[in-house]
Amino acid sequence: LEKVSLELSNKRKKAALTLEKDITKALIDLNFLEVKFKADFVRSKDYTAKGIDVMEFMISTNPGEDIKSLAKIASGGELSRIMLGLKAVLAKKDAVDTLIFDEIDTGISGKTAGMVADKMSAISLEHQVICITHLPQIASHGDNHYLIEKQVKDNHTFTDIRKLNNDESVNELARMLGGTVITEAALDNARELKKLAGKE
């Protein structure tokens, strides 16, 4: 039992080196400029059905920071991007057909939002991706764009969802960019976002 457990542990640690390298690259692609990612192994007190390893992901997302437990240090925006990085690396091995990202845009904007959108597009080559977002940079990358609206009727709240055609999608992106008043400049910007995303 000890021999088999050690063999499994060694294989796991060897695979972890590749995983660390791939996830670090994926996180750099998501605008973590100086990130360190590590799989930390501790031997369990007892033998288990999964071997003798207790593994924890460790990370440092800023220069000069010590590497610490992912569960303890990541902010909401960082955690969203880290999970996206993990999914991007594991996408080809994952048995899950559909991935749902609910407000993955928390705490990000600008260049980072564009990088997140690109990574999600890459994942969508292997999986169905459903994303709820408030950022036009991310929404513009969708193959299909849906609008979700809440309405109150007779003191009851109803949620409606409808698929937008291309013109409606451009208008919604312009609204996301500019607020309540949709200007020609906002419409041009929305069209440019869709063009850059390869969706127009």
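This one's a predicted model, so the numbers in the text were calculated from it and none came from an experiment.

A. Here's a closer look at the overall build of the chain. The secondary structure content of the chain amounts to seven helices and seven strands. Counted from the first residue to the last, the chain has its helices and strands arranged as α-β-β-β-α-α-β-α-β-α-β-β-α-α. If one aligns the C-alpha atoms of the chain with their principal axes, the spans along those axes are about 70 × 40 × 30 Å. Buried positions account for 35% of the 200 residues belonging to the chain. Contacts in the chain between residues far apart in sequence, at least 24 positions, make up 52% of those at least 6 positions apart. Per element, the accessible surface of the chain, about 12,800 Å² overall, is 53% carbon and sulfur. A gap of 7 Å separates the mean positions of the 29 positive and 31 negative side-chain charges of the chain.

B. Geometry of the pattern of salt bridges. Applying the stated rule across the entire model yields nine salt bridges. Taking the shortest distance from any N to any O, the salt bridge between lysine 25 and aspartate 29 comes out at 3.3 Å. In this pair, lysine 25 and aspartate 29 both sit in helix α1 (residues 2-29), four residues apart, roughly one turn of the helix. Here lysine 38 and aspartate 40 are joined by a salt bridge, their closest N and O atoms 3.9 Å apart. Judged by relative accessible area, lysine 38 falls into the partly exposed class, the value being 37%. Judged by relative accessible area, aspartate 40 falls into the partly exposed class, the value being 27%. Several salt bridges converge on common partners, so that one network encompasses Lys25, Asp29 and Lys119.

C. Quick look at the packing of helix α6 (residues 166-178) against helix α7 (residues 184-196). Close contact between α6 and α7 brings their axes to 8 Å; oriented N to C, the two are set at 115°. In terms of axis orientation, α6 runs roughly perpendicular to α7. The element α6 and its partner α7 pack so that their crossing is right-handed. Of α7, the residues touching α6 (which contributes Asn166, Ser169, Val170, Asn171, Leu173, Ala174 and Leu177) are Ala186, Leu187, Asn189, Ala190, Arg191, Leu193 and Lys194. Looking at the contact of α6 with α7, its residues break down into eight nonpolar, four polar and two charged.

D. Fine view of the environment of leucine 33. Topologically, leucine 33 is positioned in the loop between α1 and β1 (36-48). Residues leucine 33 and threonine 61 lie 28 residues apart in sequence; the distance between their C-alpha atoms is 7.9 Å.

E. Structural context of the sheet that holds β1. Strand order in the open sheet made by the three strands is β1-β2-β3, with antiparallel pairing throughout. Every other strand in the sheet has two partners, leaving β1 and β3 (68-69) as the edge strands with one partner each. One ladder, built from nine bridges, connects β1 with strand β2 (residues 51-60); its direction is antiparallel. Looking at the pairing, threonine 48 lines up with glycine 51 of β2. Its contacts with the sheet put α1 on β1 and β2, and the angle it makes with β1 is roughly 160°.

F. Structural view of the pairing of β2. Connecting the antiparallel pair β1 and β2 is a turn made up of two residues. As judged from the two bridges shared by β2 and β3, these two strands associate in the antiparallel manner. Looking at the pairing, isoleucine 59 lines up with lysine 68 of β3.

G. Structural view of the layout of surface pockets. Within this model, the largest pocket holds a volume of roughly 880 Å³. Surrounding the largest pocket, 27 residues form its lining, Cys131, Ile132, Asn144, His145 and Tyr146 being those nearest its centre. Elements supplying a minimum of two residues to the lining of the largest pocket: α4 (110-123), β5 (128-132), α5 (136-139), β6 (146-153) and α6. With five residues, the single largest contributor to the lining of the largest pocket is β5. Here the second largest pocket is characterised by a volume of approximately 360 Å³. Those elements that provide at least two residues to the lining of the second largest pocket are α1, α3 (76-90) and α4. Of all the elements, α1 adds the most residues to the lining of the second largest pocket, at four residues.

About the criteria used
- Residues numbered from 1 in each chain as written.
- Predicted model: local features only at pLDDT ≥ 70, side-chain atom pairs only at ≥ 80, totals over all residues.
- Heavy atoms only, no water.
- Helix = DSSP H or I, 4+ residues; strand = E, 2+ residues; numbered from the N terminus.
- Buried < 20%, exposed > 50% of the residue type's maximum accessible area, 1.4 Å probe, protein only.
- Contact = heavy atoms within 4.5 Å.
- Areas by Shrake-Rupley, 256 points an atom, 1.4 Å probe, with all protein chains shown as cover.
- Lys, Arg positive; Asp, Glu negative; His and termini not counted.
- Charge placed at Lys NZ, Arg CZ, Asp CG, Glu CD.
- Salt bridge = Lys/Arg side-chain N within 4 Å of Asp/Glu carboxyl O.
- Axes fitted to C-alpha atoms, helices over the stretch in contact; angles between N-to-C directions.
- Parallel < 35°, antiparallel > 145°, perpendicular 65-115°, else oblique.
- Left-handed = near helix turned anticlockwise from the far one by under 90°.
- Nonpolar A, V, L, I, M, F, W, Y, C, P; charged D, E, K, R; others polar.
- Pairing = 2+ DSSP bridges.
- 1 Å grid on protein atoms, 1.4 Å probe; cavity = no way out; pocket = protein on both sides within 12 Å on 5 of 7 lines; lining within 4 Å.
- Points joined across faces, edges and corners; volume = space filled by probe spheres on them.

On their own, these measurements won't tell you what the molecule is for.
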